[in-house]
Amino acid sequence: MLEPITSLITDAVHSGVVPGAVVVVGDRDRWDVVAASGVLAYASLAHAPGTQSATPVRPDSRYDLASLTKVVATLPSVLALVSAGEVRLEDRLEHFFSNAGWGQSPSLADVTVAQLLSHTAGLAALSPLYTVTDNRRTGLAYLLQSARPNVGACVYSDVGYMLLGALVERVSGRGLERFARDHVFGPLGMAATDYGPVPPDNVAATEDCGWRGRLLQGEVHDENAFALGGVAGHAGLFGPAEDLARYARAWLRLELPFASPELAASLLVHQGTCSTTGRRSLGWQLHSPDCIGGRAASPASFGHSGFTGTSVWIDPEQGWFTVLLTNRVHPSRRAGAGIHALRRAVHEVVARAFTPSS
């Protein structure tokens, strides 16, 4: 019943929506790679859709996970610290950084960990950090003076997760990449998931970056993550679909090495509705009529997406999860306009396959 996914991916590759893709679908006990199609990079950047390169996509190809980093590295790292009693969700940022928002009103100092996780801290969606510095310490100082122009609103914010990444490093005394490896990737067997840069072999290319003057392949696409040395709370991870399947299944079963089932379940409660990404919980996007989960997914479903063309969707009521990895920003972020429709179509096929016919 999952056969239509192969056609959806093949059509998306031939029409130029994505250069290639890997799709994994699973339940509480197992998963299968149901599609691995297309190429890791076009043979020519002035391509016509369907142009092939010498390197086809493989089931184990790694992708720049972009904002999946938020829920695959940063969220679980924060939860590991909460579980250890070193952080509380109600803690304010000034508890960790005495100079946060100094002299500002409303001040960043008053923002709580829960508000950062749920995108309700009033922060801007983006920050031009990369235009200011490529020094990690200076970048953190810049972020700690971030304004709060959207107090009282839910605004999906990279800035909040960059601050959460810094918080993990401050509390743990370790780099975010090492902490996530020890508490998330290692325990779940996600051996091929890590922060970049990574060797370009078997890695999907992203943008032909005019700012950096090169095609990005194994180097983080997000400019701010690059400015922070490739390791950040909002972006920077690379990984294959089957590693993401291990992570998604752990959430489906609520068997997480970094949080109790009770703590994990308590996160999946509506915290706010952002204009661009819909209903939000702590970390995750919740189901809504127009979300990437599609119309057939249950109201209990949740997931997340990444700008490069990646996504994970999990449905505990129907008992399934789907990982869809693409590099829709190759060779330009102006490409891949059909990615939202593709995600919804894939998830609707999966949901119907897991829903008994009446």
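Heads up: the structure comes first, above all this text.
Not measured: the values here are computed from a predicted model.

Reading guide: rules and limits
- Residues numbered from 1 in each chain as written.
- Predicted model: local features only at pLDDT ≥ 70, side-chain atom pairs only at ≥ 80, totals over all residues.
- Heavy atoms only, no water.
- Buried < 20%, exposed > 50% of the residue type's maximum accessible area, 1.4 Å probe, protein only.
- Helix = DSSP H or I, 4+ residues; strand = E, 2+ residues; numbered from the N terminus.
- Pairing = 2+ DSSP bridges.
- Disulfide = S-S within 2.5 Å.
- Contact = heavy atoms within 4.5 Å.
- Phe/Tyr/Trp six-rings, centres within 6.5 Å; stacked < 30°, edge-to-face > 60°.
- Lys NZ or Arg CZ within 6 Å of the ring centre and 35° of its normal.
- Expected span 1.5 Å × (residues − 1).
- Bend = angle between axes of the 7 residues up to and from the residue.
- Axes fitted to C-alpha atoms, helices over the stretch in contact; angles between N-to-C directions.
- Parallel < 35°, antiparallel > 145°, perpendicular 65-115°, else oblique.
- Left-handed = near helix turned anticlockwise from the far one by under 90°.
- Nonpolar A, V, L, I, M, F, W, Y, C, P; charged D, E, K, R; others polar.
- Salt bridge = Lys/Arg side-chain N within 4 Å of Asp/Glu carboxyl O.

J.: Tell me what's going on with the pairing of strand 13 (residues 320-326), and back it up with residues and numbers.
T.: Taking burial as the measure, the seven residues of strand 13 include seven buried ones, the bulk of the element. By the alternation rule, side chains of strand 13 split into Trp320, Thr322, Leu324 and Thr326 and Phe321, Val323 and Leu325, which are all buried. With six bridges connecting them, strand 1 (residues 20-26) and strand 13 associate as antiparallel partners. Within the sheet, the bridge partner assigned to Val22 lies in strand 13 and is Leu325. Two elements, strand 12 (residues 310-315) and strand 13, share six bridges in a ladder whose sense is antiparallel. Along strand 13, the bridge assignment pairs Trp313 with Thr322. The loop that links strand 12 with its antiparallel partner strand 13 comprises four residues; one of these, Gly319, has a positive phi angle of about 85°.

J.: Report on the state of the cysteines, specifying residues and quantitative values.
T.: A full pass over the atoms with the stated rule returns one disulfide. Across the disulfide from Cys154 sits Cys274; the S-S distance is 2.1 Å. For the disulfide bridge between Cys154 and Cys274, the dihedral angle about the S-S bond is near -60°, and by the sign convention the bridge is left-handed. Here Cys274 lies in strand 8 (residues 272-274) and Cys154 lies in the loop between helix 4 (136-143) and helix 5 (158-172), a separation of 120 residues in the sequence. Comparing Cys154 with Cys274 shows no difference in burial state: the two are buried.

J.: Give me the environment of Leu79: which residues, what numbers.
T.: Here Leu79 shows up in helix 2 (residues 68-83). A C-alpha to C-alpha distance of 16 Å links Leu79 and Ala248, two positions 169 residues apart in sequence. For Leu79, the residues in contact, after removing those within four places along its chain, are Trp251, Phe258, Ala259, Leu263 and Leu267.

J.: Talk me through the packing of aromatic side chains; I want residue IDs and the actual numbers.
T.: Using the criterion set out here, one finds seven aromatic pairs in the structure. Relative to Trp284, the ring of Trp251 has its centre 5.3 Å away and its plane inclined at 75°; by these criteria the two rings are edge-to-face. Linking Trp251 in helix 8 (residues 241-253) with Trp284 in the loop between strand 9 (278-280) and strand 10 (285-286), this pair joins segments that are 33 residues apart in sequence. The class for Trp284 is buried, based on a relative accessible area of 0%. Members of the aromatic cluster, each reached through a chain of ring pairs, are Tyr247, Trp251, Phe258, Trp284 and Phe302. In this arrangement the basic side chain of Arg212 is found over the ring face of Phe226, its NZ or CZ atom lying 4.4 Å from the centre. The side chain of Arg328 reaches across the aromatic face of Phe307, ending 4.5 Å from its centre.

J.: Now, about the pairing of strand 12: what can you tell me, with residues and values included?
T.: Taking burial as the measure, the six residues of strand 12 include six buried ones, the bulk of the element. In this structure, strand 11 (residues 302-306) lies alongside strand 12, joined through five bridges in antiparallel fashion. Directly across from Gly306, in strand 12, lies its bridge partner Thr310. In this antiparallel pair of consecutive strands, strand 11 and strand 12, the connection spans three residues, and Gly309 shows a positive phi of 115°.

J.: Tell me about helix 2, and please be specific about residues and values.
T.: An α-helix turns once per 3.6 residues; consequently, residues spaced three or four apart project the same way. Over its 16 residues, helix 2 runs 22 Å from end to end, which matches the ideal 22 Å to within 8%, given 1.5 Å per residue. Its axis deflected by about 30° at Thr74, helix 2 carries its strongest bend there, up to four residues before the proline Pro76. Of all the 16 residues making up helix 2, 15 are buried; the element is thus mostly covered by neighbouring parts of the structure. Of the residues trailing helix 2, Gly85 is marked for its positive phi of about 80°.

J.: Tell me about the packing of helix 4 against helix 5, and name the residues and values.
T.: For the pair helix 4 and helix 5, interaxial distance at closest approach is 10 Å and the crossing angle is 120°. Relative to helix 5, the element helix 4 is oriented oblique. Here helix 4 runs over helix 5; the crossing is left-handed. Touching Arg136, Leu140 and Leu143 of helix 4 are Val159, Met162, Leu163, Ala166 and Glu169, all from helix 5. Residue composition of the contact of helix 4 with helix 5, grouped by class: six nonpolar, no polar and two charged.

J.: Quick rundown of the pattern of salt bridges? Include the residues and the values.
T.: Taken as a whole and judged by the stated rule, the model has 20 salt bridges. The salt bridge partner of Arg92 is Asp110, with a shortest N-O separation of 2.8 Å. Pair noted here: Arg92 is in the loop between helix 2 and helix 3 (113-118) and Asp110 is in the loop between helix 2 and helix 3, with a separation of 18 residues, a long-range link. Note on Arg92: relative accessible area 36%, which makes it partly exposed. Its relative accessible area of 37% is what places Asp110 among the partly exposed residues. A salt bridge links Glu169 to Arg136; its shortest N-O distance comes to 2.9 Å. Here Arg136 lies in helix 4 and Glu169 lies in helix 5, a separation of 33 residues in the sequence.

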